[in-house]
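# Coordinate analysis (summary)
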Amino acid sequence: MSINTTSMITTLTDVATAVPPQRPYHHALYAGRRQWWRGALSIVVFLVVFLIANVVLGGIAIAFDVFTGTATLEDLGAGIVAITPAVFLANNLALAACIPIGMLVQWAFFGVRPRFLSSVEGGLRWRLLGRFALVVVPVWLIYVAVLFAIEPPVGGAGGITGSAIALTIIVLLTTPLQAAGEEYGFRGLVARSVGSWFARPLVALVAGTFVSSIFFSIAHLAADPWLNAYYLAFGITMSILAWRTGGLEAAILIHATNNLFLLLPTVLFGDVGSIFERGEGAGGAVVLVPMAMLVVTIVVLSLWAKRLRVVRETVPPPVRGTALAPPADAPEEPAAQAILDPRDS
């Protein structure tokens, strides 16, 4: 039996010099058919670590309020937890912790450097974020101004107190981090972990967007169907933006701007009770306005990103213990595939 050494050498050379496939944001962690457990465990670990951080920080805040007399043990026994500056700060810090948690979980389970959770280019693209702010900030400023002109905060000018000032400072300092944490957690770690299960980029996008948006909506614990629809729409649009721009910059900007502009007037004028009001009847058809704004914003920023030639996909770092798999539509080469990843042939 003769061996065609020339053909074998050519195959090995082609494999060694082959350019790894470029992948969009949601598909960057694809690790092969037999690596599904990475995505599943990464989501579980992320959620467990976040819950632990939330319980610890929340417990410290409540203990502080009891110690300072802001809260009483009787209220806690009755299940009453007021939105004090300490509780609000703890909530924001727990959500902000999703940034390092998501990065470290991605690194631990996929071997991909933490900075690649921000974008396909390996880091937060501040210049791009600044450019997008030229559109997002004015639009949201007008939207919130009209919203509060129609329905001003109930506290009125006389509602400004020391607690309101403290909450305002906390909002300014930590709410951008809170918003970024939710994006790194849901649109970043969860969406990409789900996307790692699928060989085709489009399927990874759809599945990652669906699962992360459902989780995002559930996490807000809203009993009102209008609010649930809004949170679901928000999650979907932010996920699409991450895909269209190759990173989390646009999603972080919109999320942080929205939260800042809505929270600042609310807490400054003492209407703190409405911050986490998500019971039945708390929403309404009015949420269709911000939902429409989100859709328009997606279109505008996507077109602008295309005009700026923003990098949407790139060669991702190899996942720990695997080689980069070929594109889903590439012809299969049994010998080459075995060389690339013998466990996933």
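One can find the structure itself at the top, above this paragraph.
Residues numbered from 1 in each chain as written. Predicted model: local features only at pLDDT ≥ 70, side-chain atom pairs only at ≥ 80, totals over all residues. Heavy atoms only, no water.

So, about the environment of Ala164. Here Ala164 is to be found in helix H7 (residues 162-195). Taking C-alpha positions, Ala164 is 10.0 Å from Pro265, a pair spaced 101 residues apart along the chain. (Helix = DSSP H or I, 4+ residues; strand = E, 2+ residues; numbered from the N terminus.)

On the surface, Val44, Val48, Ile52, Val56 and Ile60 cluster together into a nonpolar patch covering about 440 Å² of accessible area. Along the chain, Ile52 falls in helix H2 (residues 36-68). (Patch = residues over 30% accessible without salt bridge, like charges linked within 9 Å, V, L, I, M, F, W, Y side chains within 5 Å. Areas by Shrake-Rupley, 256 points an atom, 1.4 Å probe, with all protein chains shown as cover. Salt bridge = Lys/Arg side-chain N within 4 Å of Asp/Glu carboxyl O.)

Close approach of charged atoms allows side chains with opposite charge to pair. Applying the stated rule across the entire model yields three salt bridges. A salt bridge links Glu121 to Arg125, with the nearest nitrogen and oxygen atoms 3.3 Å apart. Glu121 sits in the partly exposed class, given a relative accessible area of 43%. With a closest N to O distance of 2.7 Å, Arg187 and Glu183 form a salt bridge. Remark: Glu183 and Arg187 occur in helix H7; sequence separation between them is four residues, near one turn of the helix. (Buried < 20%, exposed > 50% of the residue type's maximum accessible area, 1.4 Å probe, protein only.)

Let us now look at the side chain of His27. Counting through the fold element by element, His27 comes out in the loop between strand E1 (23-24) and H2. Judged by relative accessible area, His27 falls into the buried class, the value being 3%. Those residues within four positions of His27 in sequence are excluded, and the remaining contacts are Gly195, Phe198, Ala199, Arg200, Pro201 and Ala204. (Contact = heavy atoms within 4.5 Å.)

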